[in-house]
Amino acid sequence: MKILLIEDEVKLSEYLRKGLGEAGYNVNVVHNGVDGLHMALEGSHDLVILDGMLPGIDGFTLLTALRKTRQTPVLMLTARVSVEDRVRGLQTGADDYLVKPFAFSELCARVQVLLRRTHGARDAGEPTVLGLADLELDLIRRKASRAGQHIELTAKEFLLLALFLRRKGEVLSRTEIAEQVWDMNFDSDTNVVEVAIRRLRTKMDVNFDKPLLHTVRGMGYVMEERS
Ligand code: CA
């Protein structure tokens, strides 16, 4: 899931970027309204977190411009507790708002609700639990298990496993995995993907009868049940 954070307070945006990153989201941060609007209009994000007071273009103007073409869910951050600000934000097309200062856990909860709401509507067919053989991944409770045994995963391992399960039977290249899970392109000598896959395997394959995650030499990796 990709989140665009438009917030000019550097400390706050860094704190949120880190926290949301640890929660498993890919976060792009911009510090002014002009760049923010530009990136939001590209439409490659699942959610926008938008500060109301921004240099360049303020959050409300940005939202008005965005809503002309995009329905990306927007969570507004407002500095004041003024009712007019909240009403204005919601009328402009914000899906939810949070008044500063807020607890990170509250932000995270709002983000989850918004993403679930829009993705629930958009991909009504997508199951909330993915699985293969005796392996299960619950996307909402964010829990993994194999043969009924709980598997503790990091945020990146969770994303990695979700990617493999969504596309089981397909060979995924390292480059594609890097783009999907880390949202970046790696140099060919970087072994971040390999290291993460090795760790994931140790957790969900090594101690079980049948391996499910396979290496396809020179091509990448595939998750499938082999007899
Ligand atoms: Ca601000």
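Residues numbered from 1 in each chain as written. Predicted model: local features only at pLDDT ≥ 70, side-chain atom pairs only at ≥ 80, totals over all residues. Heavy atoms only, no water.

Peer 1: Account for the domain arrangement of the chain, naming residues and giving values.
Peer 2: Domains assigned within the chain are domain 1 (2-122) and domain 2 (129-223). Placing the centre of domain 1 and that of domain 2 at their C-alpha centroids yields a distance of 30 Å. Listed by partner, the interface residues are eight residues for domain 1 and nine residues for domain 2. Summing both partners gives a buried area of about 590 Å² for domain 1 against domain 2, and 41% of it is carried by carbon and sulfur. Where domain 1 meets domain 2, there are zero salt bridges. Our enumeration of links across domain 1 and domain 2 arrives at one residue pair in polar contact (both at pLDDT 80 or more). Secondary-structure elements contributing two or more residues to the side of domain 1 that touches domain 2 are α1 (10-22) and β2 (26-30). Looking at the side of domain 1 that touches domain 2 residue by residue, the class counts come to one nonpolar, four polar and three charged. (Domains from an automatic or database assignment. Contact = heavy atoms within 4.5 Å. Buried area = accessible area lost by both parts, 1.4 Å probe. Salt bridge = Lys/Arg side-chain N within 4 Å of Asp/Glu carboxyl O. Polar contact = N/O pair within 3.5 Å; in protein donor to acceptor, adjacent residues only side chain to side chain. Helix = DSSP H or I, 4+ residues; strand = E, 2+ residues; numbered from the N terminus. Nonpolar A, V, L, I, M, F, W, Y, C, P; charged D, E, K, R; others polar.)

Peer 1: Summarise the pattern of salt bridges; cite the residues concerned and give the values.
Peer 2: Here the structure, examined in full by the defined rule, presents 16 salt bridges. The partner of Glu9 in a salt bridge is Lys100, and the shortest N-O contact between them spans 3.0 Å. With a gap of 91 residues between them, Glu9 in the loop between β1 (2-6) and α1 and Lys100 in the loop between β5 (96-99) and α5 (104-122) connect regions that are remote in the sequence. For Asp51, the salt bridge goes to Lys100, with nearest N and O atoms at 3.1 Å. Remark: Lys100 occurs in the loop between β5 and α5 and Asp51 occurs in strand β3 (residues 47-51); sequence separation between them is 49 residues. Judged on exposure class, the residue Asp51 and its partner Lys100 are both buried. (Buried < 20%, exposed > 50% of the residue type's maximum accessible area, 1.4 Å probe, protein only.)

Peer 1: Quick one: what's the story with the side chain of Glu7, residue by residue and with numbers?
Peer 2: With respect to the helices and strands, Glu7 occurs in the loop between β1 and α1. Taking the relative accessible area as the measure of exposure, Glu7 reaches 0% and is therefore buried. Look past the residues within four positions of Glu7 in its chain and what remains in contact with it is Leu12, Ser13, Val30, His31, Asp51, Leu54, Leu77 and Lys100.

Peer 1: Just give me the short version of the environment of Arg116, but keep the residues and values in it.
Peer 2: Among the structural elements, Arg116 can be located in helix α5. Separated by 24 residues in the primary sequence, Arg116 and Ile140 have C-alpha atoms spaced 8.5 Å apart.

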